[in-house]
Amino acid sequence: FILDPIGFSDVKFDQVDQFLKTDISKIATGTTHVLLLSSLNELWTWGRNEFGQLGVQSDTYQLLIPSRVDISLGQVSSIHAGGFSSGVKVQSGKG
């Protein structure tokens, strides 16, 4: 991961060590945020969150370490990141 371009030079890699062992299925990047989908259908986001683009309940302007997003609605088929937005397509498994 390259964290400095989005202002995360203070992040210590030992803070995300467990996360780094995750098998990555898909990754999407916006202007100042990142979405990552693991092979276990876990969605992780980090970066700036001034417009709620991380999909997590947080009043924080930015999250410096990856945060897991609840996607209990079904299997994620695609993730997208725009300049200051994010999108996740979920297959519910219903007919």
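Summarised in this report is the structure supplied together with it. (Residues numbered from 1 in each chain as written. Predicted model: local features only at pLDDT ≥ 70, side-chain atom pairs only at ≥ 80, totals over all residues. Heavy atoms only, no water.)

1. Structural notes on the pattern of salt bridges
Considering all chains together, one arrives at 1 salt bridge under this definition. With a shortest N-O distance of 3.7 Å, Arg68 and Glu42 are connected by a salt bridge. Placement of the pair is Arg68 in strand S4 (residues 62–69) and Glu42 in the loop between strand S2 (33–38) and strand S3 (43–48), with a sequence separation of 26 residues. Exposure remark for Arg68: the relative accessible area of 51% places this residue in the exposed category. For Glu42, a relative accessible area of 17% gives the class buried. (Salt bridge = Lys/Arg side-chain N within 4 Å of Asp/Glu carboxyl O. Helix = DSSP H or I, 4+ residues; strand = E, 2+ residues; numbered from the N terminus. Buried < 20%, exposed > 50% of the residue type's maximum accessible area, 1.4 Å probe, protein only.)

2. Some details on the nonpolar core
Core analysis: the biggest nonpolar cluster contains 11 residues, these being Ala28, Leu35, Leu37, Leu43, Leu54, Val56, Leu63, Val69, Ile71, Val76 and Ile79. Elements supplying a minimum of two residues to this core: S2, S4 and strand S5 (75–81). Once you skip the residues sitting within four places of it in the chain, Ile71 turns out to touch Leu37, Asn41, Glu42, Leu43 and Val76. (Core = buried A, V, L, I, M, F, W, Y, C linked by side-chain atoms within 4.5 Å. Contact = heavy atoms within 4.5 Å.)

3. Some words on a nonpolar patch on the surface
A cluster of nonpolar side chains, contributed by Leu73, Val88 and Val90, occupies part of the molecular surface with about 260 Å² of accessible area. One can find Val90 in strand S6 (residues 86–91). (Patch = residues over 30% accessible without salt bridge, like charges linked within 9 Å, V, L, I, M, F, W, Y side chains within 5 Å. Areas by Shrake-Rupley, 256 points an atom, 1.4 Å probe, with all protein chains shown as cover.)

4. Quick look at the packing of aromatic side chains
Counted under the stated rule, the structure contains 1 aromatic pair. An angle of 70° between the planes, with centres 5.8 Å apart, marks the rings of Phe51 and Phe84 as edge-to-face. Placement of Phe51 in the loop between S3 and S4 and of Phe84 in the loop between S5 and S6 is noted, with a sequence separation of 33 residues between them. (Phe/Tyr/Trp six-rings, centres within 6.5 Å; stacked < 30°, edge-to-face > 60°.)

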